[in-house]
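Listed here are the chains, written in short residue letters.
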Amino acid sequence: MNSLNKIFGLFLGFTVFPYLILFGFNFGFFIFLFFFIVTKKKLALNNYKSYVKIIIALYSIGVIISSLYNFEITDVFSKIINYIYWILIINVLIKSRHHITLSLALKYASPFYLILIVYSFLRDFAPKDFFLLNYISSNTVAFLFVCFTVPFFVYFKDIKKRFYFSYVILFLVLISLLFDGRRAGFGLVFLSVFFVLNFKKINFVSIFKFGVVSLILIFILNLNFVSSSIKSSSDRIYNLIYNTKEINEDRSYQTRLAMIEKGLIMFEENPIVGVGATNFGKTDVVFKGRFANTDVVTNKFTINETSAHNSYLQLLSEMGLITFIPFLLIILYNVSTYIYFSKTLNNIQSAFYFSFFACCIHLYFISALFNVYAWVLIGIVTSQSVLIRENSKK
């Protein structure tokens, strides 16, 4: 089934580097439709027996009920079409789990990942929304690095046996995140790579290596030319890295706290079905000042139009507990699979799991659950969880 892996690899590639669009859709969407047709025709997409199937069904029902409650019936489909796409991705990947080889998929997707790294340095010179080209924001680039760096790092290092190349790629990714001021992304990529390399053999030596690498990074950050380059690029980024006391006074940090308060207020008013998909920025609330130092941003006229900056709170406030709980169960299903079967995983599988963990953490700091990138990663990991649990029973 090499052709199947090639098609899936191309879909993964266009997900990793979503620069091409057609009729307003990411080009990967059309690759996925082709992948779905091919798998349905060639494999008949054998059904699967797992309680994750029930969880996905409950999630789907939650999305529909929330939308029916909050929108006119003629508007429901347009509001949930993305959710249908994401749910379909998970189901198709699970049903084709026996025929997808992750290392082969990474082989075909790797050129796209390398282009993403180059793009991260040249992004300011890239055409913005020009014809078939879709500008990728720095937030999206950082999230893509968090979701997919570890699998590609392990692929180059262990499958391709290109040890030095893999570390050069990792170094470039970390430098890109650092100079873009993506501290959370930097930390998550760094830690997820460290753990995928050392988790099964954590001991004094691995902890010592982690400490040495951390000291080297601190040393590099304190080099005059590095700090001056960051300062010349952005005073805000410089202060966030070198003056931690500035964090509480940082507008971005204050805005995030304000959005947490807004999400909690919205949830308290509509706990079961939420306010409806995409309605977070369209809903006005009266802030109650639950968090200190947020009055500067909450007094802004446009504060209610701001992004949630937190995927979990946005899902909870928009779709309610009826959708949020099944989503958490999907996460717990994958986390428990790793806990119980971590010793049986190959390196590529472990890489995807650690990327999944990093993604779940990053979702707390960014509203990135509402795009395809996170769902492709969730779909891959969930399909592997089903496969691993099946194999354990043989």
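Note that the coordinates shown come from a computational prediction; the quantities given were computed from them, not determined experimentally.

Cut-offs used in this document
Residues numbered from 1 in each chain as written. Predicted model: local features only at pLDDT ≥ 70, side-chain atom pairs only at ≥ 80, totals over all residues. Heavy atoms only, no water. pLDDT = per-residue confidence, 0-100. Helix = DSSP H or I, 4+ residues; strand = E, 2+ residues; numbered from the N terminus. Contact = heavy atoms within 4.5 Å. Buried < 20%, exposed > 50% of the residue type's maximum accessible area, 1.4 Å probe, protein only. Polar contact = N/O pair within 3.5 Å; in protein donor to acceptor, adjacent residues only side chain to side chain. Patch = residues over 30% accessible without salt bridge, like charges linked within 9 Å, V, L, I, M, F, W, Y side chains within 5 Å. Areas by Shrake-Rupley, 256 points an atom, 1.4 Å probe, with all protein chains shown as cover. Salt bridge = Lys/Arg side-chain N within 4 Å of Asp/Glu carboxyl O. Lys, Arg positive; Asp, Glu negative; His and termini not counted. Charge placed at Lys NZ, Arg CZ, Asp CG, Glu CD.

1. Re the confidence of the model for the protein chain
Point 1. Here the protein chain averages 84 in pLDDT, while 80% of its residues score no lower than 70.
Point 2. Here helix H13 (residues 295-298) stands out as the least confident element of the protein chain, with mean pLDDT 53; helix H6 (residues 138-159) is the most confident, with 96.
Point 3. The model gives residues 245-249 a pLDDT under 50, and that stretch makes eight contacts with residues more than four places away or in other chains.

2. Things to note about helix H14 (residues 311-319)
An α-helix turns once per 3.6 residues; consequently, residues spaced three or four apart project the same way.
Point 1. Of all nine residues in H14, nine are buried, a share of seventy percent or more.
Point 2. When we look at burial in H14, the residues that qualify are Ser311, Tyr312, Leu313, Gln314, Leu315, Leu316, Ser317, Glu318 and Met319.
Point 3. Looking at where H14 begins, the residue whose side-chain oxygen comes 3.1 Å from the main-chain nitrogen of Tyr312 is Asn310.
Point 4. Two residues or fewer after H14 comes Gly320, characterised by a positive phi angle close to 75°.

3. Observations regarding the side chain of Gln349
Point 1. Summarising the element assignment, Gln349 is placed in helix H16 (residues 347-362).
Point 2. Apart from the residues within four sequence positions on either side, Gln349 is in contact with Thr344, Gln384 and Ile388.

4. A look at the environment of Phe156
Point 1. Relative to the elements of secondary structure, Phe156 occurs in helix H6.
Point 2. With 50 residues separating them in the primary sequence, Phe156 and Leu106 have C-alpha atoms 9.4 Å apart.
Point 3. Leave out the neighbours within four places in its chain, and Phe156 touches Ser110, Leu114, Lys161, Arg162, Phe165 and Ser166.

5. Some words on a positive patch on the surface
Point 1. Taken together, the side chains of Lys6, Lys107, Lys160 and Arg162 define a basic patch exposed on the protein surface.
Point 2. Along the chain, Lys107 falls in helix H5 (residues 102-122).
Point 3. On the basis of relative accessible area, Lys107 is assigned to the partly exposed category, the value being 42%.

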